[in-house]
Amino acid sequence: MKPAKKFKLKSKKKIAVGFPAISSVAYQIWEEMHIGRGIKTLFKLNQVKGYDCPSCAWPDPDPDNRSMIAEYCENGVKAIAWEATKDKADPEFFQQYNIEELLGKSDHWLEKQGRITHPMIINEGDSKYQSITWKQAYNIIANKLNTLDSPDEATFYTSGRASNEAAFMYQCFVRQFGTNNLPDCSNMCHEASGVALSETTGIGKASVTLNDLEETDLLMIIGQNPGTNAPRMLTSLQRLKKNGGKIIAVNPLPETGFMQFRNPQKPWEWIGKPTSIQDLYLQVKINGDIALLKAIIKILHEEDKLLSGSVFDHNFIKNSTTGYKELIASIEKENLDELIYLSGIPSKKVYKAASMIRDKKKIIIAWAMGVTQHKNGEDTIREIVNLLLLKGAIGKAGAGTLPVRGHSNVQGDRTMGIWEKMPEEFLDKLGKAFDFEPPRKHGYATIEAVKAMTKGKTKVFFGLGGNFLMATPDTNLVTKGMKKCDLTVHISTKLNRSHLVHGKTAIILPCLGRTEIDKTSKGPQFVTTEDTAGRIRMSMGDLSPVSEDLKSETSIICELAFETLKEKSMTDWITYAKDYDKIRDKIEEIIPGFDDYNVRVRQAGGFYLPNGAREGIFNTKTGKAHLTVNPLPHHKIDPTHYILMTIRSHDQFNTTIYSLSDRYRGIYNERNVLMMNKTDMNILNLKEKDLVNVTSYFEGEQRQLKNLKVVEYEITQGCVAMYFPEGNVLISINNMSPESKCPASKFVEVSIEKAEKK
Ligand SMILES: Nc1nc2c(c(=O)[nH]1)N[C@H]1C(S)=C(S)[C@@H](COP(=O)(O)OP(=O)(O)OC[C@H]3O[C@@H](n4cnc5c(=O)[nH]c(N)nc54)[C@H](O)[C@@H]3O)O[C@H]1N2
Ligand SMILES: Nc1nc2c(c(=O)[nH]1)N[C@H]1C(S)=C(S)[C@@H](COP(=O)(O)OP(=O)(O)OC[C@H]3O[C@@H](n4cnc5c(=O)[nH]c(N)nc54)[C@H](O)[C@@H]3O)O[C@H]1N2
Ligand SMILES: [Mo]
């Protein structure tokens, strides 16, 4: 075995993408796939006839605006290389290690073993997984499901990589089985965006397209790290800058991705001056965003009064919104100095931001987890909408809301009905189209699913992708919950910890990845996905499957539904398992916006779903967009404590850890780190690489993580950061937004003390 590489710290990277990224990518392809297979696959990535990148949900350019080579980024290539590896976790591999041994390995090691090749089972009392046939696996699952006291004793989780077709048939199966227990990764991700945007703009999605982004006058990026988590966004940001647009970044960390950029697809840019991305960087306190947005609105309101109403778009406000008077009354009551103090940003910079916004007509605000994963994420989003509406910046070209989605099809999965509380109208249509009576009682979202498990109310946990154990808060509690289940089942590509901390019986159903050819007895099949901008496109893999025993997610779900529901169901599951056009016909029948689905999705670039807010049509109860009054948070934190956020490194995709390094942040070969401000380190008398114990506090409960290594970082004072998923051990299951139930993964009160030397 190779010796472990040593923990190293270097200076933070000043420029995103550039040559080091290309060499990192080349290395990844070489190591995982062997170069020939890799290059062939890359050329198909995000091309009109290729497959949708399995990494993030960033949109592809329209066909006429697409790069001649491939639309890819460093992290997309990592995701592909990781999936298209030739390494295999086959039955022989599972014979080599028992569960105890596998539990001792790191998350990186587990996935690194390669693709799972056969259906695997571990029975009660056994110490190893062994292979079974598909038929046996379906029978065991179907028998267990059919002998539950109530369908609500089963929970069906979805991770956002599942295609539209798989997600649609999955929710149809689950509802025919009789439950709405359909938690998904979105519950921990952009749930707050869905809630706040539906309420204020009438649609829980972005109101802009890529073209809007490139022609906007001003973009604010709040709580998002584009260089790492949506790297293809940088190309649009570069174009935006070339078109004369400005960018304000709001973040407790000066992330490399919004500082400077070189386009990896334009080698001639590798030498010479990089594009500077942000024009103004606001180093906000964690959760200081509401205070900042209110301060900007207050400054603009004062100027609007002085400049006889020329700062706000009063015509738009009058014709298209409600709540202006109440909003202004509340803003007038706020104290500007207090707002600026609570934001943590120097007053000069807040005024600078307001002056940059004042004269602009086309404004877009983008955000991600730094905004949503808070107790009051919805308040921040409603405040973002307030600022945009006051400027008349929703419902026209070059302006609007941009919640940047995470998983490549998380948005599509919701559109397909993966939600524990789909509206009645959807359920009515679903019932009619498939001739059954869907359950109406709302099911569990993720947090409720964890609680039900730990109370022993859940007998079967089923995961369509994902890594529930590691992604959810309070890892120790979820461990207990998973172990209480009678049966845990995962449709997966690679081995992860959720397979190892399992119910009495556990089954892994191995599936094809997006890069692989999906051929059924009806011929080659393709699937479809929806990106952040609401565009539906086709995705067709071109690599030979890594094992002959793999099935597509869609086929697995349909076959399992057939085995489980038998004559109780009027659905021709076996036809749908082979012919995805037939599934798309049904989607078209039920979900608005999918007219001529099979025809339009075959056209270059696919098609956009209808989006009222984009056209200035607000499908709210009043038919207008809503300006809202949102409380300013006053956090009661012990003055000796810190606020911890749990974030992603440059070298991971959620719980998939590609390597132990975080190149952009200059941290190498170690993930158990705590990023701290220099002044805070001095107060605690800490040096870089010192070991610390971190204790978290929530409603009288304490949790602890020992021996984190201190890294000095330019983070807002009073704030600290560590990586997700490791940080989940510190987060209470109750630390969440009461509105959307999204865990507050970016706001954990902690104390820090020096650890005894190991
Ligand atoms: N390569 C790669 N790509 C990914 C993923 C991945 O893991 N790897 N994950 C995918 C998924 S599912 C998602 S949801 C997205 C996530 O994409 P991001 O939301 O960019 O991911 P995080 O690392 O959680 O980063 C949140 C950012 O918010 C900042 N932040 C934290 N708290 C606050 C706050 O209170 N205020 C402000 N203004 N900023 C704050 C952090 O410093 C950090 O820069 O990326 C998707 N794309
Ligand atoms: N503390 C903290 N917790 C967080 C977050 C945070 O910022 N901080 N972020 C939250 C967010 S935004 C999200 S989206 C969730 C993510 O939660 P999940 O979506 O549950 O987790 P992933 O890590 O994306 O899932 C990885 C696993 O998916 C499987 N997989 C990969 N590709 C495929 C495929 O094509 N098909 C199938 N069937 N399986 C596949 C592999 O087995 C892999 O091990 O985590 C959340 N948890
Ligand atoms: Mo996410």
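Residues numbered from 1 in each chain as written. Chains lettered and ligands numbered in written order. Predicted model: local features only at pLDDT ≥ 70, side-chain atom pairs only at ≥ 80, totals over all residues. Heavy atoms only, no water.

Per an unreviewed UniProt entry, the protein chain goes by the name FdhF/YdeP family oxidoreductase and belongs to Abyssalbus ytuae. Per UniProt, the protein chain has the following entry under Sequence similarities (unreviewed entry): "Belongs to the prokaryotic molybdopterin-containing oxidoreductase family." (UniProt positions renumbered as here; feature names shortened; annotations may be inferred.)

Asks: Whenever I open this one, the overall build of the protein chain confuses me. Can you help?
Replies: Within the protein chain, the secondary structure is distributed over 30 helices and 33 strands. Taking 758 residues into account, the globule formula puts the C-alpha radius of gyration at 27 Å, and the protein chain, at 25 Å, falls close to it. Across its three principal directions, the C-alpha atoms of the protein chain cover 75 × 65 × 55 Å. Relative to its 758 residues, the protein chain shows a buried fraction of 66%. Sequence separation of 24 or more characterises 79% of the internal contacts of the protein chain that already satisfy a separation of 6 or more. (Helix = DSSP H or I, 4+ residues; strand = E, 2+ residues; numbered from the N terminus. Rg over C-alpha atoms; globule rule 2.2 N^0.38 Å. Buried < 20%, exposed > 50% of the residue type's maximum accessible area, 1.4 Å probe, protein only. Contact = heavy atoms within 4.5 Å.)

Asks: What is the right way to read the site of ligand 2 from this model?
Replies: The immediate surroundings of ligand 2 are formed by 32 residues, with E111, Y157, A471, E553 and T655 found nearest. The contact in question runs from a nitrogen atom of ligand 2 to an N or O atom on the side chain of T493, over 3.3 Å. When ligand 2 sits alone it has 930 Å² of accessible area, and the protein chains cover 96% of it. Its residues assigned to classes, the shell around ligand 2 comprises eleven nonpolar, 15 polar and six charged. Two domains each put at least three residues into the shell around ligand 2: domain 1 (88-189 + 409-576 + 583-589) and domain 3 (642-754). (Near = heavy atom within 4 Å. Polar contact = N/O pair within 3.5 Å; in protein donor to acceptor, adjacent residues only side chain to side chain. Areas by Shrake-Rupley, 256 points an atom, 1.4 Å probe, with all protein chains shown as cover. Nonpolar A, V, L, I, M, F, W, Y, C, P; charged D, E, K, R; others polar. Domains from an automatic or database assignment.)

Asks: Help me out: how do you make sense of the UniProt feature "domain: Molybdopterin dinucleotide-binding" (unreviewed entry) in the protein chain in this one?
Replies: Taking the numbering used here, the UniProt-annotated feature "domain: Molybdopterin dinucleotide-binding" (unreviewed entry) corresponds to residues 642-746. Between the C-alpha atoms that bound residues 642-746 the distance is 12 Å, and the span itself is 6% helix and 39% strand.

Asks: Can you walk me through the domain arrangement of the protein chain in this structure?
Replies: How big an interface is tends to be stated in terms of accessible area lost as the parts join. Under the domain assignment used here, the protein chain contains domain 1 (88-189 + 409-576 + 583-589), domain 2 (191-403) and domain 3 (642-754). Taking only C-alpha atoms into account, the centre of domain 1 sits 37 Å from that of domain 2. With twelve residues of domain 1 at the interface, the matching set in domain 2 holds ten residues. Looking only at domain 1, the three residues that lose the most surface to domain 2 are C189, T532 and A533, adding up to 53% of its buried area. Viewed at the interface, domain 2 and domain 1 are joined by two salt bridges. The partner of R414 in a salt bridge is E191, and the shortest N-O contact between them spans 2.8 Å. On the surface where domain 1 and domain 2 come into contact, there are seven residue pairs in polar contact (both at pLDDT 80 or more). Looking at the side of domain 1 that touches domain 2 residue by residue, the class counts come to four nonpolar, five polar and three charged. (Buried area = accessible area lost by both parts, 1.4 Å probe. Salt bridge = Lys/Arg side-chain N within 4 Å of Asp/Glu carboxyl O.)

Asks: It is not clear to me how a negative patch on the surface should be interpreted in this structure. Could you clarify?
Replies: Together, D585, E588, D595 and D596 make up a negatively charged patch on the protein surface. Among the secondary structure elements, D595 is positioned in the loop between α28 (580-590) and α29 (597-600). (Patch = residues over 30% accessible without salt bridge, like charges linked within 9 Å, V, L, I, M, F, W, Y side chains within 5 Å. Lys, Arg positive; Asp, Glu negative; His and termini not counted. Charge placed at Lys NZ, Arg CZ, Asp CG, Glu CD.)

Asks: Honestly, unusual backbone geometry in this entry has me stumped. Any pointers?
Replies: F724 connects to P725 through a cis peptide bond whose omega is 10 degrees. As for its position among the elements, P725 is in the loop between β32 (719-723) and β33 (748-754). Here the phi dihedral of D435 falls at roughly 55 degrees; this positive angle occurs in a residue that is not glycine. With respect to the element layout, D435 can be found in the loop between α21 (424-434) and α22 (446-454). A residue is classified by how much of its surface remains accessible, and D435, at 51% relative accessible area, is exposed. Despite not being glycine, N707 shows a phi value in the positive range, around 60 degrees.

Asks: Where do I start with the site of ligand 1 in this structure?
Replies: Near ligand 1 lie 31 residues; those nearest to it are N251, E255, N287, Q652 and N654. Within the contact set of ligand 1, a nitrogen atom lies 2.7 Å away from a backbone nitrogen or oxygen of N229. N251 is positioned such that a nitrogen or oxygen atom in its side chain is 2.6 Å from an oxygen atom of ligand 1. Contact with the protein chains removes 99% of the 920 Å² of surface that ligand 1 exposes when unbound. Where the shell around ligand 1 is concerned, the elements lending two or more residues are α11 (226-229), α18 (369-372), β25 (642-647) and β26 (652-653).

Asks: Explain the state of the cysteines here, please?
Replies: Here a disulfide denotes a covalent bond joining the sulfur atom of one cysteine to the sulfur atom of another. Considering all chains together, one arrives at zero disulfides under this definition. Cysteine C172 shares no disulfide, and the gap to the nearest cysteine sulfur, in C558, comes to 8.8 Å. Taking the relative accessible area as the measure of exposure, C172 reaches 0% and is therefore buried. With a relative accessible area of 0%, C558 lands in the buried category. (Disulfide = S-S within 2.5 Å.)

Asks: Looking at this structure, I do not really get the pairing of strand β9 (residues 246-250). What am I missing?
Replies: If a strand is regular, its side chains alternate between the two faces of the sheet. Counting buried positions along β9 gives four out of five residues, so the element sits mostly inside the fold. Alignment of strand β8 (residues 218-222) against β9, held across five bridges, turns out to be parallel. Among the inter-strand pairings, I221 is bridged to a residue of β9, identified as A249. With three bridges joining them, β9 and strand β12 (residues 280-282) adopt parallel strand pairing. Opposite A249, over in β12, you have Y281 as the bridge partner. (Pairing = 2+ DSSP bridges.)

Asks: Looking at this structure, I do not really get the pairing of β8. What am I missing?
Replies: Of all the five residues making up β8, five are buried; the element is thus mostly covered by neighbouring parts of the structure. Residues of β8 alternate between two faces, with L218, M220 and I222 on one and L219 and I221 on the opposite face, all of them buried. With five bridges connecting them, β8 and strand β14 (residues 363-367) associate as parallel partners. When the sheet's bridge partners are listed, L218 is paired in β14 with I363.

Asks: Before we go on, may I ask you to explain the side chain of S751 in this structure?
Replies: Looking at where S751 falls in the secondary structure, it is placed in strand β33. With a relative accessible area of 12%, S751 lands in the buried category. When residues no more than four places from it in sequence are discounted, the contact partners of S751 are H641, N693, V694, T695 and Y697.

Asks: What is the right way to read the environment of K352 from this model?
Replies: Considering the arrangement of structural elements, one finds K352 in helix α17 (residues 347-358). It is 8.2 Å that separates the C-alpha atoms of K352 and L280, two residues lying 72 residues apart in sequence.

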